[in-house]
Amino acid sequence: MKYYITLSALILVLFSCHKKDSEIDGPSLEDLNGQFSVLSPLAASIDSVDFASGETVYFTALFSKTSEWNLKITGLVSGAVKTMTGTSNELNASSSLWSGETTNLPIFKNENCKVELTFPNEPDTLIAYVKVLQAKVNSGFLISDFENGFNSGWTSFIQSGANMNFQVLSDASSPQGNKYYNMAGTVDWDWLIGLVNFKSTAYGGAPAFPLSANSDNVYFNVMIYGEEGTTNSLVLFQFEEDENSNGIFSSASEDMYSKEIKVDWIGWKLISVKYSDLVNLVNGVPAAPNGNGVHDSDKIKTINMLHLANPNSGFAKSKLDYIIFTENGPLVP
Amino acid sequence: MKALLFIILFSTGLSAFTQEGKKVQFVGGARSLISQSDFTSDVSDTVTARKTTGGYALIDLGFKINPNENTEVLGMIRINNQFGGFYGAGVTFDVRQIHVKGVAGKVLRYQIGNIDYKLTPYTFYNHNPDLLVQSLGINKIKEEVLNYESFYKNNNWRQQGAAADFAIQFPKLIQELKFNGFITRLNPSASNVLERLYGGGNVIMKQSKYLTIGVNHVRVFDLLQTADNDNAYRNVVNSISYDLNKDGEKIKLSLDGESGMSKSFSTQNAEGGLSDFFIHVKGQVSFKKCGLKLKMAYMENGADFRSFGAQSKRMDFNQVNSFYERYTNSQILRPLSYYDLYNDPSLYSSSISTKIMSFNPSINNVLPYGIATFNRQGFYVGFNYSDPKKIIAADVTFYRLGEIRGQGTTQLRSFSYLTSTVSFNLSNWMHWKKKQVLQLGLAYQETARSSQFTFEQINLKSLTASLGLELEICPDLYLLGSAFLFSSKGNESMPIRTPEGIIINFNEYLVDGREINLSSGIKFNFSKEVYLAAVYESNKNNFSAENPYKYNQILLYYIMKF
């Protein structure tokens, strides 16, 4: 009998390990049915932040239940907006970290920002403020942000049409800094309204823009403004490669890749394109390049920016700002 | 090695196949039912046909062929003629069952085709978690019909596949090792649905008459490359079962149980699967002289324990009725009532589901998937009594269980469940020759969850009670009577699950209703396997407070087995 008692005890010991389960199955009933209340108000982790030196800021708040939330940071001078969304019962560093980037252009400036926390399913709105001491600095090769006016190393051609306005302007609508390049006019005999040649030689006399040779890692970024009431603007960027490095671009034997952008939106928009995705365009139609067919991003000698419009479409207008090459990813302003 | 072991021939198998040396036998059954129903609801209803007449006559005709003494082939067809159908209209022909079985090499017993199979209560077992009280009288007739229709017998599942078993006997240390194995098909492959099979088996070691230990294994598995899908599902259950007993002159002691674990996952997300374990141990003491048996058990079924062969329900509570499916002028769906479970055999199926099936918390919230219900821990105690004069027999069990993991909250549900059946054999008491039996059945359940928040609080009480009477008034002529009461009141928070079983939300379940069924009838036994019964019943249901209803039925059964 002892044998059986021992055996049964052994079986019990083997399998009778009590389990404790602190998890729950399914969504929290409290989250689904409980009363919403703010247990801890919205606050910034620091009052002022220097994004240029790598500082970040995050926001904290605590609610009585898991809720959908929208966080909106608005630059009080620039009007820049950064939004974050989530579903949780608190805001913390992992859910609301801000490194100075923007969701909707313009880019944040050195300015005070209003932070609003709203809840789609609740009437509450929580507000806090944070001061940007230094705006975020974007790494990359800056072609121009037009803050220093028109570079003397560039060349341009402007048609003599009606209401022509190709110049650097300064006003509050600039998506970055205070200035941008305005392009406007009516040319009823030609698609071309005006153009600017951004030459590599304008940047210290370099034979080509100082970019990585890996065209898969090189991104071209530009902010373009679409004017309300006009959707006829086409902005064409042409990238001339000096493949043989003789200081001259030969259209017959060297590659020129292009990006044509139809400006059919209103307001500022960031356009980013990987250099290796660019194609050769002939009258807007992709065609085989005339050179080696290799995207030699380290041999771009000149970038031509052409503002085009159908001559029958009347007045055309758009704006440019913050033309910049970035590496390893598109610009996150 | 001599006499070390020898393989058993199967005791009942061979001779049973060739009864009286007949090579071909006819087996099967026949049944006829004629019903007249009168349905009324308390609200205005000029759309629903108040009175309906229906019924059918069917015959299950099987050919059992024994080409040799070791082989049996069975094919059974069903001819079903709906009441009022003649000359082909309303007549259906179906294959009801087909199998081949036999003994290979005087060693291996096999069966191919339809197999009735079970292993252990936690691996592969057809629990009956919804008909909580035992039936007698008219309800017994109805339960026998639905059990026959779905092949529910001895907690077996009727599946299509193959099974085999053999045993080895030893002269020392171990008396016998028995090996059982099966494989069935759960679903065929389709365009992107993989072929799903269910298989397993066990090895049962009978050490002596005192000790038996089994090692059990079942698994649901998809066969890769049978469809355009690389994500195969797996559900694996392993367990050890044991039965230890000491049979004395006055007292018999026994300790039995089963413990094991399960793992469910998809091959492309093996880490995201579920795994858990279960424990079930039961001790029993039998006092032989007085006919009293006491039992006490502890069970702990993990929240993520999944064993679809043991957790599939006989019926899906999401389906709709076929009897007065809609009623009222708005033609609303008539929800499944408890008594529909007795009335309508078409509600049941014999499929193993690999999804967590829905259940009615009013009927069984404590163990909706039988004793293998996941997320339960606690104990149960009970007794079984049968007096030496066979006048009274009682079977009472009380469960006190709780959840292991909360649903939507860390607060846990607690469950109380009392189930009892008491039978009075009046014939033995009064020393009458004719059979006179009265049976009372009761199942009472309480579910509670306390919390500081009202929306987390649960309080649900359900009562199922039945009374059955069989009085033999003259030889082979019985007076039958049944009363059935089901009431439920309270609230529950019912989980809404994805097809994968993940809870994504909860439905508030509120109930306050009662269903009463009273019936009486007569039954005449032509023989042990053939009888005719005429029944009148009245059913009243107010689970829908706005649309209560009642119906009366006259039923005429003719049932034959051969």
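Residues numbered from 1 in each chain as written. Chains lettered and ligands numbered in written order. Predicted model: local features only at pLDDT ≥ 70, side-chain atom pairs only at ≥ 80, totals over all residues.

Below, the discussion takes up the overall build of chain A. When its secondary structure is counted, chain A shows three helices and 20 strands. For 333 residues, the compact-globule estimate of 2.2 N^0.38 gives 20 Å, and chain A exceeds it by more than 25% at 28 Å. The dimensions of chain A, computed from C-alpha atoms along their principal axes, are 105 × 50 × 40 Å. By sequence separation, contacts in chain A at least 24 residues apart represent 73% of the contacts at least 6 residues apart. (Helix = DSSP H or I, 4+ residues; strand = E, 2+ residues; numbered from the N terminus. Rg over C-alpha atoms; globule rule 2.2 N^0.38 Å. Contact = placed C-beta atoms within 7 Å.)

Now for the overall build of chain B. Along chain B, the regular secondary structure elements total five helices and 27 strands. Computed over C-alpha atoms, the radius of gyration of chain B comes to 25 Å, within 12% of the 24 Å expected from 2.2 N^0.38 for 562 residues, which places it in the range of a compact globule. In terms of overall dimensions, chain B has C-alpha extents of about 80 × 65 × 60 Å along its principal axes. Buried positions account for 32% of the 562 residues belonging to chain B. (Buried ≥ 20, exposed ≤ 12 C-beta atoms within 10 Å, placed from the backbone.)

Another point: the sheet that holds strand 14 (residues 234-241) of chain A. Residues and elements named next belong to chain A. Pairing within the open sheet is antiparallel, and its five strands lie in the order 9-12-19-14-15. Looking at the sheet topology across the chains shown, the edges are occupied by strand 9 (155-158) and strand 15 (256-262). Strand-to-strand twist across the sheet, computed as the mean angle between neighbouring axes with direction ignored, equals 10 degrees. Strand direction decides the pairing type here: strand 14 and strand 19 (residues 300-308), joined by eight bridges, are antiparallel. (Pairing = 2+ DSSP bridges. Axes fitted to C-alpha atoms, helices over the stretch in contact; angles between N-to-C directions.)

As a further point, take the domain arrangement of chain A. For chain A, the assigned domains read domain 1 (33-134) and domain 2 (141-327). Placing a centre on the C-alpha atoms of domain 1 of chain A and another on those of domain 2 of chain A gives a separation of 36 Å. (Domains from an automatic or database assignment.)

Time to look at the environment of B:Val91. Residue and element names in this part refer to chain B. Among the secondary structure elements, Val91 is positioned in strand 5 (residues 91-104). Take Val91: there are 15 C-beta atoms within 10 Å of it, and that puts it in the partly exposed class. Along the primary structure Val91 and Leu58 are separated by 33 residues, whereas in three dimensions their C-alpha atoms are 9.3 Å apart. For Val91, the contacting residues outside a window of four places in its chain are Ile79, Asn80, Asn81 and Gly85.

All names here are of chain B. Within chain B, residue pLDDT values average 91, and 96% of them lie at 70 or more. Contacts of residues 1-19 to residues separated by more than four positions or lying in other chains number 26 contacts, the stretch itself having pLDDT below 50. What the predictor reports for the complex is a pTM of 0.73 with an ipTM of 0.80. (pLDDT = per-residue confidence, 0-100.)

Residue and element names in this part refer to chain B. Here Asn425 lies in strand 21 (residues 414-425). Of the residues examined, Asn425 has 20 C-beta atoms within 10 Å and is grouped as buried. Note: C-alpha distance between Asn425 and Lys390 (35 residues apart in sequence) is 6.9 Å. Setting aside residues no more than four positions away along its own chain, Asn425 makes contact with Lys390, Ile391 and Val437.

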